[in-house]
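Results of the structural survey
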Amino acid sequence: MGKTVKVAVLLPIDNTFDYLVPEDEEIIENIIGKRVIVPFGTRYVTGVVMEVCENSLVDELKPIVEILDENPIFDSYTIKLITWISKYYLCSIGEVFRAAMPPNFNLNTIKEIQILRQPSPEEHIQMHKKAPKRKKLLELLINTNGKISFKTIEKELDLRNISPQLEALEQKGYIKIKETIETQIETKILALSINPKFLEDEQQMIQYFDKFEKKYPKRVQLISYLINEKNNGREFVPQTEIIHKFKIASTTIQSMREEGIIIQTKINKKIKSNPENNLASNETHHLLNKEQERVYLDIMRVIENGGYSAHLIFGVTGSGKTLVYAKLIDEVLNRNKNVLYLLPEISLTPQLVDRIQSFFHQKVAVLHSQLSDNERNQIYRKIQRGEYRICMGVRSAVFAPMPNLGLIIVDEEHDPSYKQENPAPRYNARDTALMRASILGIPVVMGTGTPSLESWYNAKNGLYHFHTILNRADGALLPKIKIIDMKIARKEKKVRQYFSEELLESIIEKIKKKEGVILFHNRRGYSPQLFCPDCGNVPMCPNCDASLTYHKHSSKLICHYCGFVADAPKICNVCGSDELKQLGFGTERLEEDLESILKEYGIEAIIKRFDRDTTSRKNAYRNLMHRFIEGDIDVLVGTQMLSKGINIERVSLVGIVDADIHLFFPDFRANERTFQLFLQTAGRAGRKSNIPGEVIIQTSNPNNSVIRHIHNYSLEKFYEEELILRKQFKYPPIARFSKVQFNAEDFDTAMQVAEEFHKLLPKDKPGFIFSKPVIPGIPRIRNLYRIQIFIKSSKKVDRTGKILQNIIKNTYKEFVQTELSKKVKLVIDVDSYSNL
Ligand code: ADP
Ligand code: ZN
Ligand code: ZN
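Predicted model only: the values in this text are computed from it and were never measured.

1. Considering the overall build of the chain
A tally of helices and strands in the chain yields 28 helices and 35 strands. Against the globule reference of 28 Å for 836 residues, the chain gives a C-alpha radius of gyration of 30 Å, in line with a compact fold. Projected onto its principal axes, the C-alpha positions of the chain cover 105 × 70 × 70 Å. Total accessible area computed for the chain in this model is approximately 38200 Å², and 49% of it derives from carbon and sulfur atoms. Between the mean site of the 119 positive side-chain charges and the mean site of the 104 negative ones, the chain shows a separation of 1 Å.

2. Description of the coordination of the zinc ion (ligand 2)
For the zinc ion (ligand 2), the full set of protein donor atoms is C532 (SG), C535 (SG), C572 (SG) and C575 (SG), and the range of their distances to it is 2.2 to 2.4 Å. The site at the zinc ion (ligand 2) holds four donor atoms, and with the angles between them running 106 to 112°, its shape is tetrahedral. Sequence positions of the residues that donate to the zinc ion (ligand 2) give the spacing C-x2-C-x36-C-x2-C. With C532 in the loop between β22 (529–531) and β23 (549–551) and C572 in the loop between β25 (565–567) and β26 (581–583), the pair connects residues that are 40 residues apart, well separated along the chain. Overall, the relative accessible area of 0% leaves C532 in the buried class.

3. A closer look at the site of ligand 1
Not every one of the 19 residues close to ligand 1 is listed here, only the nearest: E283, L287, G318, T322 and R355. T322 is positioned such that a nitrogen or oxygen atom in its side chain is 2.6 Å from an oxygen atom of ligand 1. At 2.9 Å, a side-chain N or O of R687 approaches an oxygen atom of ligand 1. Protein coverage of the free-state accessible area of ligand 1, which is 560 Å², stands at 91%. Grouping the amino acids of the shell around ligand 1 by side-chain chemistry returns four nonpolar, nine polar and six charged.

4. Side note on the environment of K556
Residue placement: K556 occurs in strand β24 (residues 556–558). The partly exposed category is assigned to K556, whose relative accessible area is 26%. The spatial distance from the C-alpha of K556 to the C-alpha of M50 is 49 Å, given a sequence separation of 506 residues. If sequence neighbours within four positions are ignored, K556 has contacts with T549, Y550, H551, V565, A566, D567 and A568. At 2.6 Å, the side chain of K556 forms a polar contact with the side chain of D567.

5. Concerning the nonpolar core
Counting residues in each nonpolar core, the largest one holds 105 residues, and the members touching the most others are F74, F97, Y341, F360, L367, I408 and F742. With eight residues, the top contributor of residues to this core is helix α14 (residues 321–334). Once residues within four sequence positions are removed from consideration, Y341 is found in contact with Y325, I329, L352, I356, C391, M392, G393, I409 and D411. Judged by nonpolar contacts, the second largest core, of 40 residues, contains F610, L642, A682 and V695.

6. Focus on a negative patch on the surface
Taken together, E23, E25, E26 and E29 make up a surface patch of like negative charges. A relative accessible area of 61% means that E25 is categorised as exposed.

7. Things to note about the packing of helix α20 (residues 501–512) against helix α21 (residues 587–600)
In the contact formed by α20 and α21, the axes pass within 12 Å of each other and the chain directions differ by 75°. As far as their axial angle goes, α21 and α20 are roughly perpendicular. Packed against α20, whose contacting residues are L504, I507, I508 and I511, the element α21 presents L594, I597 and L598 at the interface. When the residues that make up the contact of α20 with α21 are grouped by side-chain class, the tally is seven nonpolar, no polar and no charged.

8. Regarding the sheet that holds strand β15 (residues 405–411)
Taken in spatial order, the seven strands make up an open sheet running β13-β14-β12-β15-β16-β11-β17, and their pairing is parallel. What marks the edges here is a single partner per strand, and that holds for β13 (364–367) and β17 (465–469). Here the average twist between neighbouring strands, direction ignored, is 15°. Two strands pair when backbone bridges link them, and strand β11 (residues 309–315) and β17 are joined in this way by five bridges, in the parallel orientation. Bridging from a neighbouring strand, G315 pairs with I469 of β17.

9. Overview of the coordination of the zinc ion (ligand 3)
Within the protein, C541 (SG), C544 (SG), C559 (SG) and C562 (SG) serve as the donor atoms for the zinc ion (ligand 3), at 2.2 to 2.3 Å. If you look at the zinc ion (ligand 3), its four donor atoms make angles of 103 to 115° with each other, and the shape they trace is tetrahedral. Here the donor residues for the zinc ion (ligand 3) map to a single chain with the spacing C-x2-C-x14-C-x2-C. According to the relative accessible area criterion, C562 is buried, its value standing at 15%.

About the criteria used
- Residues numbered from 1 in each chain as written.
- Chains lettered and ligands numbered in written order.
- Predicted model: local features only at pLDDT ≥ 70, side-chain atom pairs only at ≥ 80, totals over all residues.
- Heavy atoms only, no water.
- Helix = DSSP H or I, 4+ residues; strand = E, 2+ residues; numbered from the N terminus.
- Rg over C-alpha atoms; globule rule 2.2 N^0.38 Å.
- Areas by Shrake-Rupley, 256 points an atom, 1.4 Å probe, with all protein chains shown as cover.
- Lys, Arg positive; Asp, Glu negative; His and termini not counted.
- Charge placed at Lys NZ, Arg CZ, Asp CG, Glu CD.
- Donors = N, O, S within 2.8 Å, 3.2 Å for Na, K, Ca; no water.
- Tetrahedral: all angles 85-135°; square planar, octahedral: opposite > 155°, others 65-115°.
- Buried < 20%, exposed > 50% of the residue type's maximum accessible area, 1.4 Å probe, protein only.
- Near = heavy atom within 4 Å.
- Polar contact = N/O pair within 3.5 Å; in protein donor to acceptor, adjacent residues only side chain to side chain.
- Nonpolar A, V, L, I, M, F, W, Y, C, P; charged D, E, K, R; others polar.
- Contact = heavy atoms within 4.5 Å.
- Core = buried A, V, L, I, M, F, W, Y, C linked by side-chain atoms within 4.5 Å.
- Patch = residues over 30% accessible without salt bridge, like charges linked within 9 Å, V, L, I, M, F, W, Y side chains within 5 Å.
- Salt bridge = Lys/Arg side-chain N within 4 Å of Asp/Glu carboxyl O.
- Axes fitted to C-alpha atoms, helices over the stretch in contact; angles between N-to-C directions.
- Parallel < 35°, antiparallel > 145°, perpendicular 65-115°, else oblique.
- Pairing = 2+ DSSP bridges.

What follows is the structure, encoded as structure tokens:
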């Protein structure tokens, strides 16, 4: 008889199952944390071995079919962490494993499979014994020279997913998997050509040459160059090329245009999306300034003592937190320990990645969200083998199998993208990082310019070591914030579309100085609604209770909740009226209108949109950012993406075009979120002392408390006031806020079931408040009605969350006995980020 192992199958089933393994010392030795294939009901599924036990209570045990991994992908610490998540966030352990493991190879992007070698006779025997499915797969591939459909393979092997086996074969060097990738993107750029009028008048030309030959030889060279290029059939030369080639200022170009010598236009250009564009300026030589040094030393002093410790660095935007992290990382590396560095949505912050990479070079692994599954998979493998010293990544990287960790950094700890909403596990990576550090007994350093209320509270209460940096590095000042009262501006007729004259003037001034402008507007698309004035019709999403957003660029109506897409109508589909109006404005419209307004002022600016629509393609973010840094883009108009981690010296103006759309959300976190978003976005301006920054916020509510606190940089006050509100209404950080959601295809069922569940919840549990079933602002999304029950639980009464877990578990147990329970899908969200 062999031994028994407990296996967590990767299904949303809340249990582990026992299986047999052959009693082979070598196998038993390190089987924990490996993936295995096991029979489950009538099929085969993947699972992870959790523990080895002497005997099982189950009689007829089935054996494990195959062990997928050569080495465990989870160590015992990580298994502990995963178990905690499953308990705390009330989800199955299989779901957590699934989130934590390297992604499967994505079969769709595989272009070709190349056979590299045949197995040796010995390998053949080994595989036959230990990995029959893998062996069969390799045989199939070899026999067909890699030209066999995955469908056929899956049938032959009786497996639903052959990715892990393919991956194992590549690991062992039998095959090479090749992928398809795309490279080119089309974009508009500024270009220069010689003015034909100038060429016509030979007399004038000669005069000009005489006049400038000595004084500004570059001008003459430029003219000759443009004429020459024109004769060679290249009429328009990209402005960046000219600036680089002749090292002339853009003001020179401006005056040559005004003199009628050259013309500036925009041309379409196919540019190669270039992953090589480095977005970091060299800062490795910087020494810590006084404030940074103090924080660094304070943290090091605690780290020296060994063991778990949590630190919050509260440093204003531009205070040089990155440099402090870099120093800490350096110190930890010197002690032969490795570092995990979490940051929010990495595809949005390649600049930060570049900066860290410029300090530590090839030691850095980067797990960003634009990697293909296969690329990500391979990086996971290398991380596991210890080929990197630092791993940077988004939310899920908190599980990265980095060996020998000595420090975890959570940058921008306040960022909502750390919380996973769907699917389960609905974990918060910051809190998970704290747990991982505590399990490992290592320090964790969180940093932000705008702490979450939770971290602020914890730091103030001594749960975290609190470190502050009050000033910007390099002697720069925080940007001056101006609030424009749009009610007054409108009354005085000092508004063009949605731009106050002051904002416009400032934009123009910066463009003329070749400084960078960021306009923040957190709405994608052209207009959030179409509206028929004749019949009142507003096109709605067929799947959601939400209006469709008009995207002019693609001429589509898109639902921002479910992704539904339809062609934009020319006439009202209800009454046929052709007077359809566009209500409100998004980034597309902002870009278009600003361009035409600036034209009236005689300014040809390059304005680019920076939002999900324009940055979704691989490296698009990097390209846009690179061009903005180079001065090839004057104005970036974008959504909250612009608020994250951008450090660009030439940005001297940040405009928040419509603050009001953020102010009145019925969400407990609305104030906090707005405060963070505005201050972070504002923090992009004036980051170096040589170019002072300015922020203009347009609002009709200048007396709103969030706006006032931002205006005065009264951060402490904001947090204190907000904390009073949270206390009063029993929200985080004072209480734990969780959500139970009931999804059903019709409203009545969802409501009925929610009411049934509500009845089963305990009555009068001290420290707990259960809301009645609530209909959310958007009741239906993706054709599912959602009814919610909110649970507020006192952290004093239930410090670790155990009582909450038991309440939900027990209620759930009773609930699944009822007939009604089968009609809904139940979603449990512990520490829910918002109540919307
Ligand atoms: P934060 O992350 O706190 O917003 P950054 O780390 O992006 O700030 O630093 C802002 C800018 O200040 C960067 O350009 C950085 O190179 C520069 N900087 C930071 N520390 C120093 C220093 N000690 N000396 C000179 N420049 C510094
Ligand atoms: Zn109509
Ligand atoms: Zn929809």
